[in-house]
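A structural walkthrough
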Amino acid sequence: PWLHRVAMNLFGESEFTIRIPTTVCYVLAIVVSYFLGREFAGPTFGGLVALMTAWHPSALPEVMFARCYGVTLLLSALCFLFAVKWYRFPYRYQGVIGWTVTSIALIWTHYLNAAVVLATMAVMAWRVRVNRRSTLLLLASTMCLLWTISPLYSPLLRMSAWGKYFAFQASVSVFEII
């Protein structure tokens, strides 16, 4: 919401203005995806990853709704990029700090983004277990993450308690919905 407020303050209130932040984040996610792919296997692979991000059939329609999905896509790409940097160079602080900041922002953007954070954290826990300094960096990063998202604990507990009133279709299996 604060990105939308900034856009509206700069460009006035309109439908176009409300869509600017998520669209910009989507375009930036494509760029970050290129750098992520390049980290893995060079510039050609980076271009393919960026192309797949740009042409993903679910990405653009969701971004066009002016929701948080463009921001989520950008932060997820950054989270993965920093995780790769941390994985490759466990002694450098750039990956640790970048992963921690983007993980915090991901969870604050939408609580379901915790799955991305937990997945990258599991990989990092496996990787850094070989060295005490790396393990301490992971623990410090995790403690910082848990502390900064602590204001979200209470609302998440309320949501789990009130879930039956949200009109979720608990009797329908996930496979039937898909």
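Residues numbered from 1 in each chain as written. Predicted model: local features only at pLDDT ≥ 70, side-chain atom pairs only at ≥ 80, totals over all residues. Heavy atoms only, no water.

Considerations on the nonpolar core
Counting 28 residues, the largest nonpolar core has Trp86, Trp99, Leu106, Ile107, Val117, Met121 and Leu145 as the members making the most contacts within it. Contributing elements (two or more residues each) for this core: helix H2 (15-41), helix H5 (69-88), helix H6 (93-109), helix H7 (114-128) and helix H8 (132-148). A per-element tally of this core places H5 first, with 10 residues. Other than its neighbours up to four places away in sequence, Val117 contacts Trp99, Ser103, Leu106, Ile107 and Leu145. (Core = buried A, V, L, I, M, F, W, Y, C linked by side-chain atoms within 4.5 Å. Buried < 20%, exposed > 50% of the residue type's maximum accessible area, 1.4 Å probe, protein only. Helix = DSSP H or I, 4+ residues; strand = E, 2+ residues; numbered from the N terminus. Contact = heavy atoms within 4.5 Å.)

Some points on the pattern of salt bridges
A complete count under the given rule lists 2 salt bridges for this structure. The salt bridge partner of Arg88 is Glu39, with a shortest N-O separation of 3.5 Å. Of the two residues, Arg88 is situated in helix H5 and Glu39 in helix H2; the sequence distance between them amounts to 49 residues. A relative accessible area of 38% means that Arg88 is categorised as partly exposed. Judged by its relative accessible area of 18%, Glu39 is buried. Beyond isolated ion pairs, a larger network of salt bridges with shared partners links Glu39, Lys85 and Arg88. (Salt bridge = Lys/Arg side-chain N within 4 Å of Asp/Glu carboxyl O.)

A short note on the side chain of Thr53
Tracing the sequence through the fold places Thr53 in helix H3 (residues 43-54). With a relative accessible area of 13%, Thr53 lands in the buried category. Only 3.0 Å separates the side chain of Thr53 from the side chain of Ser33, close enough to count as a polar contact. Each residue touching Thr53, except ones within four places of it in the same chain, is listed here: Tyr26, Ala29, Ile30, Ser33, Ala59 and Leu73. (Polar contact = N/O pair within 3.5 Å; in protein donor to acceptor, adjacent residues only side chain to side chain.)

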